[in-house]
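Chain residues, written in single-letter form:
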Amino acid sequence: MKNKPVYILHLNEIDRGMEAVVGGKAASLGALSRIKNIRVPDGFCITTRAFQKIIDETQDLHPLLHRLSGLKISDRDIIISLTQEIRTIIENVSVPDDIVKEIERAISCFGIHSAFAIRSSATAEDLPEASFAGQQGSFLNISGREKIFQHIRKCWASLFSERATLYRIQNSFDHQRVQLAVIVQQMIFAEAAGILFTADPLNFNRTIISVDAGFGLGEALVSGLVNPDTYKVKKGKIIEKKISLKTMAILPQSEGGISHQTIHPKQQQDAVLNDQQILELEQIGRENESHFGLPQDIEWC
């Protein structure tokens, strides 16, 4: 008797080395969740086995994927049309009952009114020959059973976005080689968020930590929509502050989802973080770097 496929893993069950099952992003989150004093929002991962089952059992996809595998970068118009058709099928697919039950069981642990960040985690996000990071879908502040399942399907479909598909073709990457897992993680309604680098990204100086920070959710900064504040810290001392003009923030909406909002003019040139928060981030960054033994870039809020 074959072992029953695992469709759901809690983040604390995941570690590095499980990328083939949970993708690169979820593997990193699982590893982070094991570090003492590092607070990772609770959640679970819908494994690549669920995605593969969806693909295998959706017969309408098979001829389309076969056709896609034979296209070249010069066939852009056909690729755009074909990937749209593939995404439409996946976004409307009937999820098998066994997968539905596992997802519902995992969601029930969080309470009926919980909101989630639903994020793609691809198995090929950081390869030596190519980087697929950021090419698949992420959706914030999602709540309610129907919307949660809708956005899980949107994540699966995003593997066949025009951008991701063209990138695979351009790099001679087999479409079937990349699998997709989905992270369903408790939403954090952040007042400030950003990215921390444990080695200065401008000169790779490992003694200097660099922190980018913006108001609201980190999506605005990660997507390049705003100019962040930048703070640099060396051995417990803040050595540089660059306070940028910040005119916009992405904030959660009470009815779900997110919106772009203008920052009040009096706040646009305020520092996002105070000195204590900057130094706390330095400590977090060094703990992460020590745990993994390599320079880290970390999303924080």
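Residues numbered from 1 in each chain as written. Predicted model: local features only at pLDDT ≥ 70, side-chain atom pairs only at ≥ 80, totals over all residues. Heavy atoms only, no water.

A. Molecular detail of unusual backbone geometry. Of note, the phi angle at F204 is positive, near 60°, even though the residue is not glycine. Looking at the secondary structure, you find F204 in the loop between strand 6 (192–197) and strand 7 (208–215). With a phi close to 50°, K235 is a non-glycine residue in the positive phi region. Along the chain, K235 falls in the loop between strand 8 (229–234) and strand 9 (237–242). (Helix = DSSP H or I, 4+ residues; strand = E, 2+ residues; numbered from the N terminus.)

B. Inspection of the nonpolar core at higher detail. By size, the foremost hydrophobic cluster in this structure holds 44 residues, and its most contacted members are I46, I86, I152 and W156. Other than its neighbours up to four places away in sequence, I152 contacts I46, I103, I118, V182 and V184. Judged by nonpolar contacts, the second largest core, of 16 residues, contains I209, A213, Y231 and I298. (Core = buried A, V, L, I, M, F, W, Y, C linked by side-chain atoms within 4.5 Å. Buried < 20%, exposed > 50% of the residue type's maximum accessible area, 1.4 Å probe, protein only. Contact = heavy atoms within 4.5 Å.)

C. Quick peek at the packing of aromatic side chains. Under the definition given, this model contains 2 aromatic pairs. Between F44 and F110, the aromatic rings sit 6.4 Å apart at their centres with planes inclined by 40°, giving tilted as the arrangement. Here F110 lies in the loop between helix 5 (97–107) and strand 3 (116–122) and F44 lies in strand 2 (residues 43–46), a separation of 66 residues in the sequence. The exposure classification of F44 matches that of F110, with both residues buried. Taking the centre distance of 5.4 Å and the plane angle of 85° together, the rings of F110 and F116 count as edge-to-face. With respect to burial, F110 and F116 carry one shared label: buried. Every member of this aromatic cluster is reached through a ring pair, and the members are F44, F110 and F116. (Phe/Tyr/Trp six-rings, centres within 6.5 Å; stacked < 30°, edge-to-face > 60°.)

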